[in-house]
Amino acid sequence: MRARLNGSVRVFDDDGADITPAGMKERGLLALLLASPGQRRTRIWLQNMLWSESDPEQAAGSLRQALSRVRKTLGRCEGRLQSDRSSIWVSPEAEVDQQAAGEFLGDLDIRDPEFSDWLRDQRARFDQDFSAVRPPVEVQERSRRSSRPVVMVRRNDLGASPRSRFVMQAIAQRIAGDLILFGNVDVIQFETGAEMPGTEAISALVEMECFGDADQDFLLVRVIGMPARRIVWTGRQSLGLSIPGVWESAEVSRCVNKTVASVVEILSGATGQGQLGSLTRATRLIFEFDRPALLRADDMLVRVQDGELRGLALAWRGFIRLTSALEFRDHGPDSVAEARSFADDALRAMADHPVVLALASRIRLKLQGDLDQAHYLALRAAEMSDQNPYALEALGQSLVFHGDYQKANDLAQRARIAAQGMPNSFNWDMQACLTALGMGQIDTAREAAADCHRKMPFYRPALRYLVALALLAGDRASAEYHAARLRRLEPDFVMAMLVQPDYPIETLRALGHVETLRDRLS
């Protein structure tokens, strides 16, 4: 079996007969295998490349069907395409024509964001490999494609009061600071009256305009994709806040986070920015706290860790191991060693990044029990970005282990406000539940867990604590209600599991509530 991947994708048997699958996804499946190291990939990786927007069960079914259709097309070469429960591969490996002219996988039009990101990365590598023989015009074009994206934050504060101009500038600074945390983004700020640079190199534009009347000033924010000037998001913000309110207001945090998320959406879809898109989608999958989703996220991050976002990718891979240990009780020595290794490598790659520091702190704390190092890393993260919810959460958790529940609870509330508008903001509602529980505030803890559940109905930790906290509060009816919802996600769940030593309600055990739960259940 031989194949050509440049230009039109074609596969031939040993007699030269064309055995290329007709369907786009089927050709994509075969091309992904042929272009991979050892012509082998895991099923999860392939599902994520071709059906990333489907749920895991649908994606697995679609892969099985596509694999069956490809085998039928291959005819007598069908036996070359082998598989087991976890992987699919070509054996023996097919010969691939490396000299064929044309763009890599030039005729594949597969509408999946993960495949698009992967294809952009592969084509960029192809360009780099053959740069020595390309004419100068193409070298310039490749340089333009691979340059760091530029985001402009443009402020128009004519007619605003001096106080509102300062508030507007502070919000713009928060937006710029959060964007810089993505590691490969250049942010420039421009205000009315200054000489504006050219917009041809700008990937995204954040326009901020302040309008005032006799009583109040208002801020209008627009996020625009360039060069098409497509409006992606708009928001309004009252500027009738005290100066500290800019840092403490949930409304401001929501505006900032929505703006940043919209800019990242633009950059993730831009040519050459596949790694940023993969990183963003991977972090969203991580916070589904579902085993298949974690495996998909890990596969995405493998592709990111060799680029400019290496430190973040490695830190999140370590966090995946931490999540597996806490959520699925995977405390094996190999998993712990991997998490530690990822955290160490992430710190070497991005030693001054608050999110990397925060995630490494969590791993040190929960998997290694190194309280001093965890606290040090969390302090550094919070010092670098005192409005970053990951940094505030890490510092709060380290204080919990030092027994300072009051400060931990204060930080959890600040993190909860700072996370408003983020896709995974429910995570910080859950942290607020745990620190309130440490303060002995059962009702407040229940409210925070309920907020978490409303935002993410399929998040099991919130349901577990809602069951346990209802029992502690003597509300058996509510406990039964939430237990029934939890059983949809954990079919074997019974309330007696809450008192088992390995059931994942660590904070309740640490605070000595298990005996009370045992009394309630009896």
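Preceding block: the structure.
1. Description of unusual backbone geometry
Step number 1: With an omega of -10°, the peptide bond running from Ser 91 to Pro 92 counts as cis.
Step number 2: Structurally, the position occupied by Pro 92 is in the loop between β5 (87–90) and β6 (95–97).
Step number 3: Backbone geometry at Leu 105 places phi at a positive 50°, although glycine is not the residue there.
Step number 4: Mapped onto the elements, Leu 105 comes out in the loop between β6 and α4 (113–129).
Step number 5: The backbone of Arg 229 sits at a positive phi, close to 55°, despite the residue not being glycine.
Step number 6: Position of Arg 229 relative to the elements: it lies in the loop between β10 (217–225) and β11 (230–238).

2. Quick word on the side chain of Ser 36
Step number 1: When you line up the elements, Ser 36 lands in the loop between α1 (24–34) and β3 (40–42).
Step number 2: Within the structure, the side chain of Ser 36 is placed 2.5 Å from the backbone oxygen of Leu 32, a separation counted as a polar contact.
Step number 3: Only 2.8 Å separates the side chain of Ser 36 from the side chain of Arg 41, close enough to count as a polar contact.
Step number 4: Beyond its immediate chain neighbours, meaning those up to four positions away, Ser 36 contacts Arg 41 and Trp 45.

3. Structural notes on the pairing of β5
Step number 1: Alternating positions in β5 separate into two faces, Ser 87 and Trp 89 on one and Ile 88 and Val 90 on the other, with burial throughout.
Step number 2: Two strands pair when backbone bridges link them, and β3 and β5 are joined in this way by three bridges, in the antiparallel orientation. Each bridged residue has a counterpart across the sheet, and for Arg 40 the counterpart in β5 is Trp 89.
Step number 3: Summarising the sheet, strand β4 (residues 81–83) and β5 pair through three bridges and their orientation is antiparallel.

4. A short note on the pattern of salt bridges
Step number 1: Tallied over the entire structure, the rule returns 30 salt bridges.
Step number 2: Glu 114 serves as the salt-bridge partner of Arg 281, at 2.5 Å between the closest nitrogen and oxygen. Taken together, the residues span a long stretch of sequence, with Arg 281 in helix α9 (residues 274–286) and Glu 114 in helix α4 at a distance of 167 residues.
Step number 3: Exposure remark for Glu 114: the relative accessible area of 0% places this residue in the buried category.
Step number 4: The salt bridge partner of Arg 460 is Glu 327, with a shortest N-O separation of 3.7 Å. Of this pair, Arg 460 sits in helix α19 (residues 460–472) while Glu 327 sits in helix α11 (residues 310–328), and the two are 133 residues apart along the sequence. Neither residue differs from the other here; Arg 460 and Glu 327 are each classed as buried.
Step number 5: Each of the salt bridges in this network shares a partner with another, and the network as a whole consists of Arg 154, Glu 207, Glu 209, Arg 222 and Arg 229.

What counts as what
- Residues numbered from 1 in each chain as written.
- Predicted model: local features only at pLDDT ≥ 70, side-chain atom pairs only at ≥ 80, totals over all residues.
- Heavy atoms only, no water.
- Helix = DSSP H or I, 4+ residues; strand = E, 2+ residues; numbered from the N terminus.
- Polar contact = N/O pair within 3.5 Å; in protein donor to acceptor, adjacent residues only side chain to side chain.
- Contact = heavy atoms within 4.5 Å.
- Buried < 20%, exposed > 50% of the residue type's maximum accessible area, 1.4 Å probe, protein only.
- Pairing = 2+ DSSP bridges.
- Salt bridge = Lys/Arg side-chain N within 4 Å of Asp/Glu carboxyl O.

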